[in-house]
Structures are given as C-alpha cells and as structure tokens.
Amino acid sequence: MMHTGYEIDQVFVKAKGVQTEIFCVFVAMTGGLKRETFLYPTRDAKEALRLLAWQLSGRGDVERLGKVRVRLEQQTHLQDAPQLRKHFIHHFRRYQAQDNDD
C-alpha cells in the first residue's frame, strides 16, 4: 500500500484566553512539512486534544501518528506532556477505528 498522506509529528498546546490553541506539524510520507493551527472553545487541554483527535482522524490526508510529540506551553515555556500525548493517541486511534468500521 502506498502512503501519500501525512503523519502527525508534533502537537503544541497552549491556553489562549478562554480557548485552547493547538499548533500541529505534519510530515508527508514524501518528506514535506505542513503546519496548521486549530482553536477550540475550551481551556481544558485534554478536551481540546480529544476534539483534535476526532477532527484529524476523519481527514483523508492524515494517515497515522508517527512518533508524535505533544508539548504544553506554560508561561512561555514548552514542556513535554506525556499524559496528554497518551490521551491524544488513545482518542485518535479510537476515532480512526470507528471511521474504519463505517
């Protein structure tokens, strides 16, 4: 099977007012990069990542996770967020499986 889409490489999460902004870096199977910013109406990072997982799992251009790295910005410092990473991966795979069942 030839892969032509993107894998999710990095996810940056930060609170922005009453919302959560998520900046994603995608890597194409051909080596190209794509960056997108998503804004969700919640300050709860877990809820925003769940919504992102749902949104991305349904897109035809996002095929897989890769070795996704999730980082949380707090007071202008980025830190790895292994619990948020685990939460995002769980929901992405769950939604992806649901899409494949339909």
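Heads up: the structure comes first, above all this text.
Keep in mind the model is a prediction, meaning the values are calculated, not measured.

Reading the values: the criteria
- Residues numbered from 1 in each chain as written.
- Predicted model: local features only at pLDDT ≥ 70, side-chain atom pairs only at ≥ 80, totals over all residues.
- Heavy atoms only, no water.
- Helix = DSSP H or I, 4+ residues; strand = E, 2+ residues; numbered from the N terminus.
- Rg over C-alpha atoms; globule rule 2.2 N^0.38 Å.
- Salt bridge = Lys/Arg side-chain N within 4 Å of Asp/Glu carboxyl O.
- Core = buried A, V, L, I, M, F, W, Y, C linked by side-chain atoms within 4.5 Å.
- Buried < 20%, exposed > 50% of the residue type's maximum accessible area, 1.4 Å probe, protein only.
- Contact = heavy atoms within 4.5 Å.
- Phe/Tyr/Trp six-rings, centres within 6.5 Å; stacked < 30°, edge-to-face > 60°.
- Lys NZ or Arg CZ within 6 Å of the ring centre and 35° of its normal.
- Expected span 1.5 Å × (residues − 1).
- Arc of directions from axis to C-beta.

S.K.: Whenever I open this one, the overall build of the protein confuses me. Can you help?
M.R.: Along the backbone of the protein there are two helices and six strands. Listing the helices and strands of the protein from first to last along the sequence gives β-β-β-α-β-β-β-α. Relative to the compact-globule value of 13 Å for 102 residues, the protein shows a C-alpha radius of gyration of 13 Å, a close match. Along the longest, intermediate and shortest principal axes, the C-alpha atoms of the protein span 45 × 30 × 20 Å.

S.K.: Mind showing me how you'd approach the pattern of salt bridges here?
M.R.: Scanning the entire structure with this criterion turns up nine salt bridges. Linking Lys16 and Glu21 is a salt bridge whose minimum nitrogen-to-oxygen distance equals 3.0 Å. For Lys34, the salt bridge identified is with Glu36, shortest N-O distance 3.6 Å. Each of Lys34, Glu36, Arg59 and Asp61 takes part in salt bridges that share partners, so that together they form one network.

S.K.: Hey, could you run me through the nonpolar core in this one?
M.R.: Burial of nonpolar side chains together is a common tendency in soluble globular proteins. Of all hydrophobic cores here, the largest spans 25 residues; its most connected members are Ile8, Val11, Ile22, Leu49, Leu52, Leu56 and Phe88. Residue assignment for this core shows that the elements contributing at least two residues are strand S1 (6–16), strand S2 (19–28), strand S3 (33–40), helix H1 (45–57), strand S5 (69–74) and helix H2 (82–101). Take this core: its biggest share by element is six residues, from H1. The contact partners of Ile8, leaving out residues within four places of it in the chain, are Val25, Phe26, Leu56, Val62, Arg64, Leu65, Gly66, Val68, Phe88 and Phe92.

S.K.: Please clarify how the packing of aromatic side chains should be interpreted in this entry.
M.R.: Note on aromatic pairs: each is described by the distance of the centres and the angle between the planes. Tallied over the entire structure, the rule returns three aromatic pairs. On the basis of an interplanar angle of 40° and a centroid distance of 5.9 Å, the ring pair of Phe12 and Phe23 is categorised as tilted. One end of the pair, Phe12, is in strand S1; the other, Phe23, is in strand S2, and 11 residues separate them in sequence. The exposure class assigned to Phe23 is partly exposed, which follows from its relative accessible area of 28%. Where Phe88 meets Phe92, the ring centres are 6.2 Å apart and the plane angle is 35°; that geometry is what we call tilted. Remark: Phe92 and Phe88 occur in helix H2; sequence separation between them is four residues, near one turn of the helix. Between the NZ or CZ atom of Lys34 and the centre of the ring of Phe26, over which it lies, the distance is 5.6 Å.

S.K.: What is the right way to look at H1 in this model?
M.R.: Turn by turn, an α-helix covers 3.6 residues, leaving residues three or four places apart pointing in a common direction. With 13 residues, H1 should reach 18 Å at 1.5 Å per residue; the first-to-last C-alpha distance of 18 Å fits that figure. Taken together, the buried positions of H1 are occupied by Ala45, Ala48, Leu49, Leu52, Ala53, Leu56 and Ser57. The buried residues of H1 all sit within an arc of 155° when viewed along its axis, so they share a single face.

S.K.: Looking at this structure, how should I read the environment of Gln55?
M.R.: With respect to the element layout, Gln55 can be found in helix H1. The exposure class of Gln55 is partly exposed, given its relative accessible area of 32%. As a C-alpha pair, Gln55 and Tyr95 span 40 residues in sequence and 9.0 Å in three-dimensional space. Not counting the four nearest positions on each side in its chain, Gln55 is found in contact with Phe38 and Tyr40.

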